[in-house]
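# Fold and geometry: a report
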Protein chains: 2
Amino acid sequence: MSKRLFNFCAGPAALPEAVLQQAQQELLDWQGKGLSVMEMSHRSDEFVSVAETAEQDLRDLLAIPDNYKVLFLQGGASQQFAQIPLNLLPDGGMADYIDTGIWSAKAIEEASRFGNVNVAASAKGYDYFAIPGQNDWQLSAEAAYVHYTPNETIGGLEFSWIPDTGDTPLIADMSSTILSRPLDVSRYGMIYAGAQKNIGPSGLVVVIIREDLLGRARATCPTMLDYTVAARNASMYNTPPTFAWYLSGLIFQWLKQQGGLDAMQRINDAKQQTLYSAIDTSELYSNPISPVDRSWMNIPFRLADDRLDKPFLAGAEERGLLNLKGHRSVGGMRASIYNAVPQAAVDALVAYMAEFEQQHG
Amino acid sequence: MSKRLFNFCAGPAALPEAVLQQAQQELLDWQGKGLSVMEMSHRSDEFVSVAETAEQDLRDLLAIPDNYKVLFLQGGASQQFAQIPLNLLPDGGMADYIDTGIWSAKAIEEASRFGNVNVAASAKGYDYFAIPGQNDWQLSAEAAYVHYTPNETIGGLEFSWIPDTGDTPLIADMSSTILSRPLDVSRYGMIYAGAQKNIGPSGLVVVIIREDLLGRARATCPTMLDYTVAARNASMYNTPPTFAWYLSGLIFQWLKQQGGLDAMQRINDAKQQTLYSAIDTSELYSNPISPVDRSWMNIPFRLADDRLDKPFLAGAEERGLLNLKGHRSVGGMRASIYNAVPQAAVDALVAYMAEFEQQHG
């Protein structure tokens, strides 16, 4: 008998129990074929069908226009930080980056190794507690693209709007926000997302790229990092991470069964309201982010006295509320409430927070 | 009830049933922790312990000396084809490569994009049916390293000896031969292997590198492709493919339970003898490889009349003998008999081959 607890981990993160059950049931014998999905050639009819179905389901969920390629790659968002300039920033060229926290800073640092980066705007002036409005951005006319991080997983800062960059391609690291609500993909040149939050297990990164941005890789780009090679080979230039791809496909099906991203938006909106409202109405807990820029998926909060952190975490664990400790660079608490974290988990957390405040407030 | 068939796939390949059963049993609740191993932070005590145990078990199995780092990376062997020159071939430098078939040719092609490649020896003169002896190699004095492919997964050609390259580091793509028998790691500067044959599921590549070869990456090497960064961060510069790492650890434990690599050598030797002997004593089947250079893991064979290929494959599938079709570039048949393919599978194949020959020979 498995006992499943509530898991608020920032990633690798909670997965839907129904998906894990299906994977468990067919782990040794996929659809009566006599072998695991992990044991099948990626070029077999069976796996190609798994892969194509996953892509189509993702296209359906996000209403991805036909002139975009969907790639299933490896190396996580961190590898994309290099892959993007190697594919899209010409030698000696310039790109605009928006700095909103730790993940955008990492993207900026890596891109700077391959070209000229103009930090067109930074949340530093707001101590990373608010996102600078587009009126304050200094976009450069010659930028090859504009890169930003719609949701900062560590800081808990999220864009509620899509930047307007005119004809300059907009590139977004959506690792911790993709699939949390509907998205107008046509506003982007490229979207990428590490899987281990809202897509599936770690070891997979999904890239959605407009076709006119292909064919631009530098001569020094490794073949495996060239989006054009990946697109031409349907993400099977070499053996892809088949199990992660398969499991992501199950999650896309689960999302469709939940009612798609309109439904997820309603569910996630309710979850974030429950938690922020508990924080804002308490004397003990606080979240520093400007209300309009608060993340729906990653909610950091502090206790008024950090000597209470340890007892808070210990009591949470006793109640089956796991992985609430904040990122080591920030401290405090963080609740990541991705798609697979149900309202019941948030309700249990909020009840515990109230109980703890009564005892220690 | 799952019915497990015999799977001769070249990769992703058969996995030990006992390992899949353990993974299945704990898929929703790893060791009573209330969550899947896929849902745990890679920085949690629990996962770090999984990761470190896997590394130690691999070190035990291969008796890896202490002055080697073991890295768990992404991108497969194909990404290594670029990563090796980016880390180990100085700008304008030269490396020696040995050409023994399709996989070494791919390594050569990619390395040529980053520096000067001297093809020091080629099996082409033997139609790729035999490996040129080291007396015929033209190694260059200034080579940064010598690269070779101990086992050609498609051609079915395998080195039974380790080249002597003196002080020049020897680098080996061991994707389809690692863990099939004991190995003297100290003879190598670096060994790498895509997991999806003898290590675990796809989406993971293991690199074993001598410490003095670290710290040499080019300025233009993406951070995620720099072995030194991976080594300094215990392969957790970013989120690693946690499930593939975990499952590989279960396979290392299984290998220890089998008696380690001495035992695997005995078992694999018996398997290959059974199959090659069936091929050599028949009128219908043939394998073209020079007997001393025959692969233990990947055994290609042809039928005397290729119009019999289709009925042979159909009959095999009826008997639960899966994935015997040869690589599309070669045709004919191929039986990959990795560690997880038992003697019983080879016996069943050989019995079917005899039966088919009686009917069609």
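Conventions adopted
- Residues numbered from 1 in each chain as written.
- Chains lettered and ligands numbered in written order.
- Predicted model: local features only at pLDDT ≥ 70, side-chain atom pairs only at ≥ 80, totals over all residues.
- Heavy atoms only, no water.
- UniProt positions renumbered as here; feature names shortened; annotations may be inferred.
- Salt bridge = Lys/Arg side-chain N within 4 Å of Asp/Glu carboxyl O.
- Helix = DSSP H or I, 4+ residues; strand = E, 2+ residues; numbered from the N terminus.
- Buried < 20%, exposed > 50% of the residue type's maximum accessible area, 1.4 Å probe, protein only.
- Core = buried A, V, L, I, M, F, W, Y, C linked by side-chain atoms within 4.5 Å.
- Contact = heavy atoms within 4.5 Å.
- Pairing = 2+ DSSP bridges.
- Axes fitted to C-alpha atoms, helices over the stretch in contact; angles between N-to-C directions.
- Expected span 1.5 Å × (residues − 1).
- Bend = angle between axes of the 7 residues up to and from the residue.
- Phe/Tyr/Trp six-rings, centres within 6.5 Å; stacked < 30°, edge-to-face > 60°.
- Arc of directions from axis to C-beta.

Going by the annotation in an unreviewed UniProt entry, the name recorded for chain A is Phosphoserine aminotransferase, with Halopseudomonas salegens given as the source organism. The heading Subunit (unreviewed entry) in the UniProt record of chain A holds the text "Homodimer." Annotation of chain A in UniProt includes, under Function (unreviewed entry), the sentence "Catalyzes the reversible conversion of 3-phosphohydroxypyruvate to phosphoserine and of 3-hydroxy-2-oxo-4-phosphonooxybutanoate to phosphohydroxythreonine."

## Observations concerning the pattern of salt bridges
Overall, the coordinates contain 28 salt bridges over all chains when judged by the stated rule. Two residues, Arg4(A) and Glu17(A), come together in a salt bridge whose shortest N-O distance is 3.9 Å. With Arg4(A) in the segment before strand E1 (6–7) and Glu17(A) in helix H1 (residues 17–25), this pair connects stretches of sequence that are 13 residues apart. By relative accessible area, which is 36% here, Glu17(A) ends up partly exposed. A salt bridge links Lys256(B) to Asp57(B), with the nearest nitrogen and oxygen atoms 2.8 Å apart. Of the two residues, Lys256(B) is situated in helix H6 (residues 242–258) and Asp57(B) in helix H2 (residues 45–62); the sequence distance between them amounts to 199 residues. Put simply, Arg4(A), Glu17(A) and Glu39(B) are held in one network by salt bridges that share partners.

## Some words on the nonpolar core
Of all hydrophobic cores here, the largest spans 123 residues; its most connected members are Leu62(A), Leu179(A), Ile208(A), Tyr246(A), Leu179(B), Ile208(B) and Tyr246(B). Discounting residues that sit within four places of it in the chain, Leu179(B) has contacts with Leu58(B), Leu61(B), Leu62(B), Asn198(B), Ile199(B), Phe252(B), Leu255(B), Leu261(B), Met264(B) and Asn339(B). Counting residues in each nonpolar core, the second largest holds 29 residues, with Phe8(A), Tyr276(A), Phe312(A) and Ala316(A) among its members.

## Side note on the sheet that holds strand E12 (residues 298–303) of chain A
Residue and element names in this part refer to chain A. In space, the three strands of this open sheet follow the order E11-E12-E14, with antiparallel pairing throughout. Each edge of the open sheet carries a strand with a single partner, namely strand E11 (285–286) and strand E14 (333–336). Judged from the two bridges that link them, E11 and E12 form a sheet pairing that is antiparallel. Bridge assignment links Ser-286 to a residue of E12, and that residue is Arg-302. Set on the sheet, helix H7 (residues 260–280) makes contact with E11, E12 and E14; between it and E12 the angle comes to about 15 degrees.

## Considerations on helix H3 (residues 76–88) of chain B
Residue and element names in this part refer to chain B. Given a rise of 1.5 Å per residue, 13 residues ought to cover 18 Å, and the 18 Å separating the end C-alpha atoms of H3 matches this to within 8%. At Ala-82, H3 shows its maximal kink, close to 30 degrees; a proline, Pro-85, follows between one and four residues later. For H3, a buried count of 13 out of 13 residues is recorded, marking the element as mostly surrounded by other parts of the structure.

## Quick look at the packing of aromatic side chains
Residue and element names in this part refer to chain A. Taken as a whole, this structure holds 35 aromatic pairs over all chains when the rule is applied. Measuring from centroid to centroid gives 5.7 Å for Trp-137 and Trp-161, while their planes differ by 45 degrees, and the two rings are tilted. Placement of Trp-137 in the loop between strand E4 (116–122) and strand E5 (146–148) and of Trp-161 in the loop between strand E7 (157–158) and strand E8 (170–173) is noted, with a sequence separation of 24 residues between them. For Trp-137, a relative accessible area of 7% gives the class buried. Ring plane angle 85 degrees and centroid distance 6.0 Å describe the contact between Phe-301 and Phe-312, whose orientation is recorded as edge-to-face. With a gap of 11 residues between them, Phe-301 in strand E12 and Phe-312 in helix H8 (residues 309–318) connect regions that are remote in the sequence.

## Here's the deal with helix H9 (residues 343–360) of chain A
Residues and elements named next belong to chain A. In this model H9 runs 25 Å from its N-terminal to its C-terminal C-alpha over 18 residues, within 8% of the 26 Å that 1.5 Å per residue would give. Of the residues making up H9, those classed as buried are Ala-345, Val-346, Leu-349, Val-350, Tyr-352, Met-353, Phe-356 and Glu-357. Projection of H9 onto a plane perpendicular to its axis shows the buried side chains occupying an angular sector of 165 degrees, all on one side. Exposed and oriented more than 90 degrees from the buried face of H9 are Gln-358 and Gln-359.

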